[in-house]
Amino acid sequence: MIEYLKYFVLLYGGLFAITNPIGAVPVFLSVTHDLSRKERWEIATKTALSVVITLVVFALIGEWIFRFFGFSVDAFAIAGGILLFKMAMEMLSGKLSTVKISREETEEFSDEVVTLEEVAIIPLAIPLISGPGAITTVILYMTKSTGFADKLTVLASIVAIGATVWLVLHSSHRIQDALGRVGIKVMTRMMGLILTAMAIQMMINGIKGAFGL
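Residues numbered from 1 in each chain as written. Predicted model: local features only at pLDDT ≥ 70, side-chain atom pairs only at ≥ 80, totals over all residues. Heavy atoms only, no water.

**Examining the overall build of the protein**
On a plain count of helices and strands, the protein comes out with 9 helices and 0 strands. Along its sequence from the N terminus, the protein presents helices and strands in the succession α-α-α-α-α-α-α-α-α. Evaluated residue by residue, the protein yields a buried proportion of 48% over its 213 residues. (Helix = DSSP H or I, 4+ residues; strand = E, 2+ residues; numbered from the N terminus. Buried < 20%, exposed > 50% of the residue type's maximum accessible area, 1.4 Å probe, protein only.)

See below:
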């Protein structure tokens, strides 16, 4: 039981650093600035559900993707590590990762009149929170999990991240008031540091596996 709990904490911590829901608060407030509190809460709920559904689907079909395209888990780990490293470098500089969403996309959705469903799914859930880095990570963890309990732990960590996203977005105004833009940038840099270590370890594991080291 303790072993699975440690595994869950490891997975949750990694996914929290990658999805960085606190860093998404300014974007969330930007695209929902002219909406009522009820509408913002509705978007927060739909965004969290979209994040969970997206990550669970990719976690479940990840092994099939490997078979279809004919590449190994180790090759995917190296590629994923490079992708996460790029994200981490941008986060360390206090920027919103362009791997997730560009400034143009953010401005586009701030200016356009769109439905609540569109805002919740794009750009908030995809690609801002459950972007390529998070998708890559859950696929790798699920593929490397051998037993049913391990796979269940991966899915549980995804659900926990979804709950965290809901809580953070639901409390977005209070978080921004408490941390301020500077505080959010500091948190983003901290998540970037954790993500850097994850990315390097992912690449090391991939290289070891590919070359039989």
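**Some points on the nonpolar core**
L124, I158 and L195 are the most contacted members of the largest nonpolar core, which has 53 residues in total. Looking at this core, the element that brings in the most residues is helix α3 (residues 37–69), giving 9 residues. Among residues more than four places away in sequence, those in contact with L124 are V27, F28, V31, I43, T47, V119 and I129. (Core = buried A, V, L, I, M, F, W, Y, C linked by side-chain atoms within 4.5 Å. Contact = heavy atoms within 4.5 Å.)

**Section: the pattern of salt bridges**
Inspection of the entire model under this criterion finds 3 salt bridges. Two residues, E42 and K46, come together in a salt bridge whose shortest N-O distance is 3.0 Å. With E42 and K46 both in helix α3 and 4 residues apart, the pair spans about one turn of that helix. Classification of E42 by relative accessible area gives partly exposed; the value is 31%. Residue classification places K46 among the partly exposed positions, given a relative accessible area of 24%. The salt bridge partner of R67 is E63, with a shortest N-O separation of 3.1 Å. Of this pair, R67 and E63 both sit in helix α3, 4 residues apart, which is roughly one turn of that helix. Judged by its relative accessible area of 65%, R67 falls in the exposed class. (Salt bridge = Lys/Arg side-chain N within 4 Å of Asp/Glu carboxyl O.)

Scope: geometric values only; no functional claims are made or implied.
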